[in-house]
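# Observations on the model geometry
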Amino acid sequence: MGDIAKDLTAGTIGGAAQLIVGHPFDTIKVKLQSQPTPLPGQPPNYAGAMDAVRQTLAAEGPRGLYKGMGAPLATVAVFNAVLFTVRGQMEALLRSQPGAPLTVSQQIVCGAGAGVAVSFLACPTELIKCRLQAQSALAGSGSGSGSEAVAVKYGGPMDVARHVLKSEGGMRGLFKGLVPTLGREVPGNAAMFGVYELLKQSLAGGQDTSQLGRGSLMLAGGLAGGSFWLMVYPTDVIKSVIQVDDCRNPKFTGSIDAFRKILASEGVKGLYRGFGPAMARSVPANAACFLAYEVARSSLG
């Protein structure tokens, strides 16, 4: 089996592990990010992450925590296969000779390149996922603004895709939020793969990390995933609010406008809505992802 096929297979397995472990946390993150700004004197829909969990379980049951999982589950094979395969091919280009270990700086470059590639897959998938995850929060806002985002009820991922293609400009509508998606994936993956390599080399005491145990791989993967969100979280908030915005009566004209309006209405705190669930998700989900990838990749040779 060639290196590309190995990366494709191992990346798919790693992505599936990441999704199963992390999706409930992601649902709460998106609900907190996308809930409307409350009117003066009114409380927000959710007082915090645990309140969002309680309300979701009460209204929708445990299945509510896995809302929107169909779209990323259907594409997780492609997404993670591309991420790890592009990274692997960039590693091959940067190596001085076959099998030579890379420096942390080189892994940062590989991560950034992989981030560019996966952004074009992540954007439409994230749009569908965010619409499904956020619709209960938006419907419960009672804002009376006539927003289509509040009125539309989606039956599932394909229903979201059909609605966007029909009513929001065709394929262009599915790529709404591409700029902040790039702004998240490129620096985020650069940081994640750089930190992952740095921690592995630190734990191994040198550049040869082939003998690291599973506990060390999980530790490095979990902390590397946390570094992703520490680097780019405000960009993810902007991406989410743009992707759930009403295309016919939009609140935001673009990423910069969304940034300014969130800062003006909520301050810096508004750019970190849902940060707790994102970090709580990232560490175990990425620990599972990197461990599954490394074990699968090693077993394939």
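Definitions and cut-offs
- Residues numbered from 1 in each chain as written.
- Predicted model: local features only at pLDDT ≥ 70, side-chain atom pairs only at ≥ 80, totals over all residues.
- Heavy atoms only, no water.
- UniProt positions renumbered as here; feature names shortened; annotations may be inferred.
- pLDDT = per-residue confidence, 0-100.
- Helix = DSSP H or I, 4+ residues; strand = E, 2+ residues; numbered from the N terminus.
- Contact = heavy atoms within 4.5 Å.
- 1 Å grid on protein atoms, 1.4 Å probe; cavity = no way out; pocket = protein on both sides within 12 Å on 5 of 7 lines; lining within 4 Å.
- Points joined across faces, edges and corners; volume = space filled by probe spheres on them.
- Nonpolar A, V, L, I, M, F, W, Y, C, P; charged D, E, K, R; others polar.
- Phe/Tyr/Trp six-rings, centres within 6.5 Å; stacked < 30°, edge-to-face > 60°.
- Buried < 20%, exposed > 50% of the residue type's maximum accessible area, 1.4 Å probe, protein only.
- Axes fitted to C-alpha atoms, helices over the stretch in contact; angles between N-to-C directions.
- Parallel < 35°, antiparallel > 145°, perpendicular 65-115°, else oblique.
- Polar contact = N/O pair within 3.5 Å; in protein donor to acceptor, adjacent residues only side chain to side chain.

Per an unreviewed UniProt entry, the chain goes by the name Mitochondrial carnitine/acylcarnitine carrier-like protein and belongs to Hevea brasiliensis. The UniProt entry for the chain carries this comment under Subcellular location (unreviewed entry): "Mitochondrion membrane". What the UniProt record of the chain gives under Sequence similarities (unreviewed entry) is the line "Belongs to the mitochondrial carrier (TC 2.A.29) family."

### Side note on the confidence of the model for the chain
This prediction gives the chain a mean pLDDT of 87; 93% of its residues lie at or above 70. Mean pLDDT values over the elements of the chain span from 46, in helix α5 (residues 148–151), up to 96, in helix α8 (residues 178–204). Predicted confidence is poor over residues 142–151, with pLDDT under 50, and the contacts of this stretch with residues over four places away or in other chains come to 13 contacts.

### A word on empty space enclosed by the protein
Throughout the structure, instances matching the rule amount to two cavities of 30 Å³ or more. In this structure, the largest cavity encloses a volume near 540 Å³. If you go around the largest cavity, you meet 30 residues; those closest to its centre are Gln18, Phe79, Glu126, Arg184 and Arg281. Elements represented by at least two residues in the lining of the largest cavity include exactly α1 (3–34), α3 (70–94), α4 (104–139), α8, α9 (214–243) and α11 (275–299).

### Structural notes on the UniProt feature "repeat: Solcar" (unreviewed entry) in the chain
Listed under "repeat: Solcar" (unreviewed entry) in the UniProt record, and renumbered for this structure, are residues 2–93, 102–202 and 212–299. Segment residues 212–299 splits into 76% helix and 0% strand. End C-alpha atoms: 15 Å apart.

### Thoughts on the layout of surface pockets
Roughly 960 Å³ of internal volume is contained in the largest pocket. Taken together, 31 residues make up the lining of the largest pocket; nearest its centre are Glu91, Arg95, Lys200, Glu294 and Arg297. For the lining of the largest pocket, the secondary-structure elements that each account for two or more residues are α1, α3, α8, α9 and α11. Among the elements that make up the lining of the largest pocket, the one with the highest residue count is α3 (six residues). Looking at the lining of the largest pocket residue by residue, the class counts come to 10 nonpolar, 10 polar and 11 charged.

### Here's the deal with the packing of aromatic side chains
Taken as a whole, this structure holds 10 aromatic pairs when the rule is applied. A ring pair is formed by phenylalanine 228 and tryptophan 229, whose centres lie 5.1 Å apart and whose planes are at 65°; its orientation type is edge-to-face. For phenylalanine 228, a relative accessible area of 8% gives the class buried. On the basis of an interplanar angle of 80° and a centroid distance of 5.2 Å, the ring pair of tyrosine 233 and phenylalanine 275 is categorised as edge-to-face. In this pair, tyrosine 233 sits in helix α9 while phenylalanine 275 sits in helix α11, placing the two residues 42 residues apart along the sequence. You can call tyrosine 233 buried: its relative accessible area is 0%. Accessibility expressed as a relative area gives 24% for phenylalanine 275, which makes it partly exposed. Linked through ring pairs, Phe84, Phe193, Tyr196, Phe290 and Tyr293 together constitute an aromatic cluster.

### Here we look at the packing of α9 against helix α10 (residues 255–266)
Direction vectors running N to C along α9 and α10 enclose 105°, while the axes themselves pass 10 Å from each other. The orientation of α9 relative to α10 falls into the category roughly perpendicular. On the side of α9, the interface is formed by Val237, Ile238, Val241 and Ile242, while α10 contributes Ser255, Ala258, Phe259 and Ile262. The residue inventory of the contact of α9 with α10, partitioned by class, reads seven nonpolar, one polar and no charged.

### A look at the side chain of glutamate 126
Within the secondary structure, glutamate 126 is located in helix α4. Note on glutamate 126: relative accessible area 14%, which makes it buried. Here arginine 184 takes part through its side chain, which lies 3.2 Å from a polar atom of the side chain of glutamate 126.

### Looking at the environment of alanine 114
Position of alanine 114 among the secondary structure elements: in helix α4. Separated by 27 residues in the primary sequence, alanine 114 and arginine 87 have C-alpha atoms spaced 5.3 Å apart. Discounting chain neighbours no more than four positions away, the residues touching alanine 114 are Leu83, Val86, Arg87 and Met90.

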